[in-house]
Amino acid sequence: MKKNWIILLLCTLLLTGCSVTSEPASKSQEQVQYSSSQEQGRADTETADNPDGRQSAKKQGASGKKTSAKSGRLEVHFIDVGQGDSALIKTGSHAMLIDAGDNSKGTAVQLYLKKQGITSLDYVIGTHPDSDHIGGLDVVIYKFDCKNILMPDCKNDTATYRDVIDSMKSKGYKAVHPKTGTKYSLGDATFTITGPVKKYKETNDNSISLRLVYQDTSFLFMGDATADTEPDIIAHTKNLRSDVLKVAHHGSKYSTSEEFFNKVKPEWAIISCAENNHYGFPSARVLNLMRGTHTKVFRTDEQGSLVAESDGSSIRWNASPSGTWKAGESTQSSKKTAHSGTPKTDSEKRADPSAPENQSISAEDATYVINVSSKKFHKPDCGSIRQMSRKNIQYTKQNRESLIKEGYAPCGSCQP
Ligand SMILES: [Zn+2]
Ligand SMILES: [Zn+2]
């Protein structure tokens, strides 16, 4: 009799032991599983015409019955490409790539895609012909079967742009210039082009922007579109509300007006930029806008590649939001001095944070970057700029010829 009691007691202990260990496990999962179900008011026409949507899917899943059709997922990978953008969207056997970082990141993006089991891409989008977006696209185009290539009706007189065009020619591809409002399907997901609404003077403003919808979840990708284009986008797209916003232009102060941001009302915002970039990304104003609205921010400069996974009703992330609210602008002198006492990491070595900042206003409009010490000039995306001391960096809008006239020599590696 006593033995039975002891066995029973042991069993109870074991069982409670199990429940104790399972609790923190489910909590830690909760930590990254931020449900967007409270955002149901967001359901738009695109999801409304999905009659057997989220609710029935959930019930089927819970009862353990037929989940085959609804067991699908959509993954959005914001790939860390340093200073630049690249996002991979995967659902079922379908995939889409938006941008591929700069020239030095083509192979890294190729390998990332390969690791994800990608052999062909339903859509390849070069948001606009700036090197930090299309630089790596030629490698992707050469290496993968690309079914549709979307690019804006905007050329760029750069070797990077020509490389992309050449890669398309060699494979017999032609880019389509999508019109605002055009809806495409990617497996069970759809995306609608939200911009560019018209042809703009600035390259960034011609960025293809799009809203991706997967059942009740949505993502807005803004490329580098500036605030100048936002009223046009608002005027042409009825519903901009999205769970996730890929913040325009690396979080720059020239994009993401309060009015626009409030139309999107994202729960999560992604900023793709390089650590210690010379452009001052992301800006304090944009970060404050997000902080004030309790938007959760993810940053590739701090967190590396970020992955959002949607089951159609909620979105889970591979990391917790950033929470540093650290702006890239030179206003934070106190933080810089705090840095100087600590041992430097590799990435901090690239740009000495204690050196005086040389962030002229035209930094992001610069055609070239001059090293005032070596008297060389570089393309703004040249890798060697990272090795330069900030006090030697000078941004310029001058053209190649006038720089050479002034005695500057083109960099041997980026060949401006
Ligand atoms: Zn950019
Ligand atoms: Zn750009």
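Residues numbered from 1 in each chain as written. Chains lettered and ligands numbered in written order. Predicted model: local features only at pLDDT ≥ 70, side-chain atom pairs only at ≥ 80, totals over all residues. Heavy atoms only, no water.

Asks: I keep staring at the coordination of the zinc ion (ligand 1) and nothing clicks. Help me out?
Replies: Geometrically, a metal with four donors at the corners of a regular tetrahedron has ideal angles of 109.5 degrees, and one with six donors at the corners of a regular octahedron has ideal angles of 90 or 180 degrees. Around the zinc ion (ligand 1), the protein contributes the donor atoms D132 (OD), H133 (NE2), D224 (OD) and H250 (NE2), which lie 2.1 Å from the metal centre. For the zinc ion (ligand 1), the 4 donor atoms are set out with angles of 83 to 151° between them, so the coordination reads as irregular. Donor residues for the zinc ion (ligand 1) sit on one chain with the sequence pattern D-H-x90-D-x25-H. Here the zinc ion (ligand 2) and the zinc ion (ligand 1) are spaced 3.5 Å from one another, each receiving a donor from D224. On the criterion of sequence distance, the pair formed by H133 in helix α5 (residues 131-134) and H250 in the loop between β12 (244-246) and α9 (258-264) is long-range, its members being 117 residues apart. (Donors = N, O, S within 2.8 Å, 3.2 Å for Na, K, Ca; no water. Tetrahedral: all angles 85-135°; square planar, octahedral: opposite > 155°, others 65-115°. Helix = DSSP H or I, 4+ residues; strand = E, 2+ residues; numbered from the N terminus.)

Asks: For this particular structure, what's the right way to read the coordination of the zinc ion (ligand 2)?
Replies: Taken together, the protein donors to the zinc ion (ligand 2) comprise H128 (NE2), D130 (OD), N204 (OD1) and D224 (OD), at separations of 2.1 to 2.2 Å. If you look at the zinc ion (ligand 2), its 4 donor atoms make angles of 82 to 173° with each other, and the shape they trace is irregular. Read in sequence order, the donor residues for the zinc ion (ligand 2) give the motif H-x1-D-x73-N-x19-D.

Asks: What is the right way to look at the side chain of D130 in this model?
Replies: Assignment of secondary structure puts D130 in the loop between β5 (120-125) and α5. Of the buried charged residues, D130 lacks a salt bridge, with K246 as the closest side chain of opposite charge at 11 Å. Non-local contacts of D130, meaning those with residues more than four positions away in its chain, are made with G135, N156, T203, N204 and D224. (Buried < 20%, exposed > 50% of the residue type's maximum accessible area, 1.4 Å probe, protein only. Lys, Arg positive; Asp, Glu negative; His and termini not counted. Salt bridge = Lys/Arg side-chain N within 4 Å of Asp/Glu carboxyl O. Contact = heavy atoms within 4.5 Å.)

Asks: Can you walk me through the pattern of salt bridges in this structure?
Replies: Tallying each qualifying case throughout the model produces 10 salt bridges. Between R73 and E75 there is a salt bridge, with the nearest N and O atoms lying 3.6 Å from each other. Assessed through its relative accessible area of 41%, R73 is described here as partly exposed. With its nearest N and O atoms 3.3 Å apart, the salt bridge here joins E267 to K296. A residue pair is termed long-range when its members are at least 10 positions apart, and E267 in the loop between α9 and β13 (268-271) and K296 in strand β14 (residues 296-299) qualify at 29 residues. The class of E267 is buried, set by a relative accessible area of 7%. The partly exposed category is assigned to K296, whose relative accessible area is 23%. Among the ionic contacts, a cluster of salt bridges with common partners joins R73, E75, K90 and E309.

Asks: Sorry, what's going on with the sheet that holds strand β10 (residues 209-214) here?
Replies: Pairing is mixed across the open sheet formed by 7 strands, whose spatial order is β8-β9-β10-β11-β12-β13-β14. Across the chains shown, the open sheet's two edge strands, defined by having one partner strand only, are β8 (183-186) and β14. Sheet twist, expressed as the mean angle between neighbouring strand axes with direction ignored, is 20°. In the sheet, β13 pairs with β14 via 4 bridges, with the strands oriented parallel. Note that in β14 the partner of W268 across the bridge is K296. (Pairing = 2+ DSSP bridges. Axes fitted to C-alpha atoms, helices over the stretch in contact; angles between N-to-C directions.)

Asks: Just to check I follow, could you spell out the packing of aromatic side chains for this structure?
Replies: When we look at a pair of aromatic rings, we describe it by the centre distance and by the angle of the planes. Throughout the structure, instances matching the rule amount to 9 aromatic pairs. Pairing W268 with W317 gives two aromatic rings, centres 6.0 Å apart and planes at 55°, and the pair type is tilted. Taken together, the residues W268 in strand β13 and W317 in strand β16 (residues 315-317) connect sequence positions 49 residues apart. Of the aromatic side chains, those joined through ring pairs into one cluster are F78, F221, W268, F298 and W317. Of note, K375 hangs over the ring of Y408, and the distance from its end group to the ring centre comes to 4.7 Å. (Phe/Tyr/Trp six-rings, centres within 6.5 Å; stacked < 30°, edge-to-face > 60°. Lys NZ or Arg CZ within 6 Å of the ring centre and 35° of its normal.)

Asks: How do you make sense of unusual backbone geometry when you look at a structure like this?
Replies: Excluding glycine, residues mostly have negative phi values, and the peptide bonds linking residues are mostly trans. In this structure, the amide linkage connecting G195 to the following residue, P196, adopts the cis form with an omega of 5°. Inspection of the secondary structure puts P196 in the loop between β9 (189-195) and β10. With an omega dihedral of -10°, the bond running from F281 to P282 counts as a cis peptide bond. Within the fold, P282 resides in the loop between β13 and α10 (284-292). Positive phi, close to 50°, is recorded for H249, a residue that is not glycine.

Asks: Explain the sheet that holds strand β19 (residues 393-396) to me, please; I cannot follow it from the model alone.
Replies: Neighbouring strands of a sheet are bound in pairs by backbone hydrogen bonds; such pairs are parallel or else antiparallel. Spatially, 4 strands are ordered β19-β17-β18-β20 in an open sheet, and the strand pairing comes out mixed. Lying at the two open borders of the sheet, with one neighbouring strand each, are β19 and β20 (409-410).

Asks: So what exactly am I meant to see when it comes to the confidence of the model for the protein here?
Replies: Interpretation of this model should avoid reading the predicted coordinates in detail wherever pLDDT is low. Of all residues in the protein, 75% attain a pLDDT of 70 or more, and the chain-wide mean is 81. Low confidence marks residues 8-70, where pLDDT is under 50. Its contacts with residues over four positions away, or in another chain, come to 63 contacts. In the predicted structure, residues 332-362 sits below a pLDDT of 50 and forms 50 contacts with residues beyond four places in sequence or in another chain. (pLDDT = per-residue confidence, 0-100.)

Asks: Looking at this structure, how should I read the pairing of β5?
Replies: Strand residues, when the strand is regular, have side chains that alternate between the two faces of the sheet. For β5, the buried fraction is high: 6 of the 6 residues fall into the buried class. Direction of pairing for strand β4 (residues 94-98) relative to β5: parallel, over a ladder of 3 bridges. By the bridge assignment for β5, M96 is matched with Y123. Handedness of the crossover joining β4 and β5 through helix α4 (residues 106-115) is recorded here as right-handed. Both β5 and strand β6 (residues 145-150) contribute to a ladder of 5 bridges, which runs parallel. Across the sheet, L121 pairs through a bridge with C146, a residue of β6. (Right-handed = clockwise from strand over helix to strand, strands pointing away.)

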